[in-house]
Amino acid sequence: MNRGLWRQWIIGLVALHSMGLGVAMLLCPQGMLRLAGWSYAGPSFFPAQSGLFLLILGIAYLAGIWYRPFVWLLLGSKTAAVGFLAAAYLLGAAPLAVIPVAALDGLMGAA
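Draft legend 1. Structural context of the packing of helix α1 (residues 3-27) against helix α2 (residues 29-36). The contact between α1 and α2 brings their axes to 5 Å, and the two run at 115°. Here α1 contributes Leu21, Ala24, Met25, Leu26 and Leu27 to the contact with α2, which in turn contributes Pro29, Met32 and Leu33. Taken together, the residues of the contact of α1 with α2 sort by class into 8 nonpolar, no polar and no charged.

Draft legend 2. Inspection of a nonpolar patch on the surface at higher detail. The grouping of Val23, Leu26, Leu27, Leu52 and Ile56 at the surface amounts to a nonpolar patch, some 460 Å² of accessible area in total. Listing elements by their share of the nonpolar patch, those giving two or more residues are α1 and α3 (45-66). Ranked by residues supplied to the nonpolar patch, first place goes to α1 with 3 residues. Along the chain, Ile56 turns up in helix α3.

Draft legend 3. Broad picture of α2. Of all the positions in α2, only Pro29, Gln30, Gly31 and Leu33 are classed as buried. The inward-facing, buried residues of α2 abut α1 and α3. In the stretch just after α2, Gly37 is the one whose phi turns positive, near 105°.

Draft legend 4. Layout of the nonpolar core. Within the largest apolar cluster, 11 residues are counted, these being Ile10, Ile11, Val14, Ala15, Met19, Leu57, Tyr61, Ile65, Val71, Leu74 and Met108. Residue assignment for this core shows that the elements contributing at least two residues are α1, α3 and α4 (71-90). The element best represented in this core is α1, accounting for 5 residues. Ranked by size, the runner-up nonpolar core spans 5 residues in total, among them Leu85, Ala88, Val98 and Ala102.

Draft legend 5. Structural context of the packing of aromatic side chains. For the structure on display, the rule yields 2 aromatic pairs. Ring centres 5.3 Å apart and planes at 70° place the aromatic pair Tyr67 and Phe70 in the edge-to-face group. The exposure class of Phe70 is partly exposed, given its relative accessible area of 32%.

Draft legend 6. Spatial organisation of the pattern of salt bridges. Here the structure, examined in full by the defined rule, presents 1 salt bridge. Measuring nitrogen to oxygen at the nearest pair gives 3.0 Å for the salt bridge that ties Asp105 to Lys78. On the criterion of sequence distance, the pair formed by Asp105 in helix α5 (residues 98-110) and Lys78 in helix α4 is long-range, its members being 27 residues apart. You'll find Asp105 and Lys78 in the same group, each marked buried.

Conventions and cut-offs
- Residues numbered from 1 in each chain as written.
- Predicted model: local features only at pLDDT ≥ 70, side-chain atom pairs only at ≥ 80, totals over all residues.
- Heavy atoms only, no water.
- Axes fitted to C-alpha atoms, helices over the stretch in contact; angles between N-to-C directions.
- Helix = DSSP H or I, 4+ residues; strand = E, 2+ residues; numbered from the N terminus.
- Contact = heavy atoms within 4.5 Å.
- Nonpolar A, V, L, I, M, F, W, Y, C, P; charged D, E, K, R; others polar.
- Patch = residues over 30% accessible without salt bridge, like charges linked within 9 Å, V, L, I, M, F, W, Y side chains within 5 Å.
- Areas by Shrake-Rupley, 256 points an atom, 1.4 Å probe, with all protein chains shown as cover.
- Salt bridge = Lys/Arg side-chain N within 4 Å of Asp/Glu carboxyl O.
- Buried < 20%, exposed > 50% of the residue type's maximum accessible area, 1.4 Å probe, protein only.
- Core = buried A, V, L, I, M, F, W, Y, C linked by side-chain atoms within 4.5 Å.
- Phe/Tyr/Trp six-rings, centres within 6.5 Å; stacked < 30°, edge-to-face > 60°.

Below, the structure written as structure tokens:
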């Protein structure tokens, strides 16, 4: 497989991951939070809003297949996610489940 096709596959898979997670957060925010290890009893608005954000990011990632500068959005957002998740865990504001999520985001960004 040539390098360009490999890059397109990786971007597509990262985009599908973000869009799938976004749809799941939109449709079942409380369940997704529980699955990730958060006990959250507040309103669903902000968790669902994060789902919409992930869905929009995934669509923008897909644009990176055809418009190369959008790849920088993927790299920047994955780098920011790793930093945010690591800081949240180290400050005690997030469950242990964020460590593998941060690692996965780092791998997706590095790929």
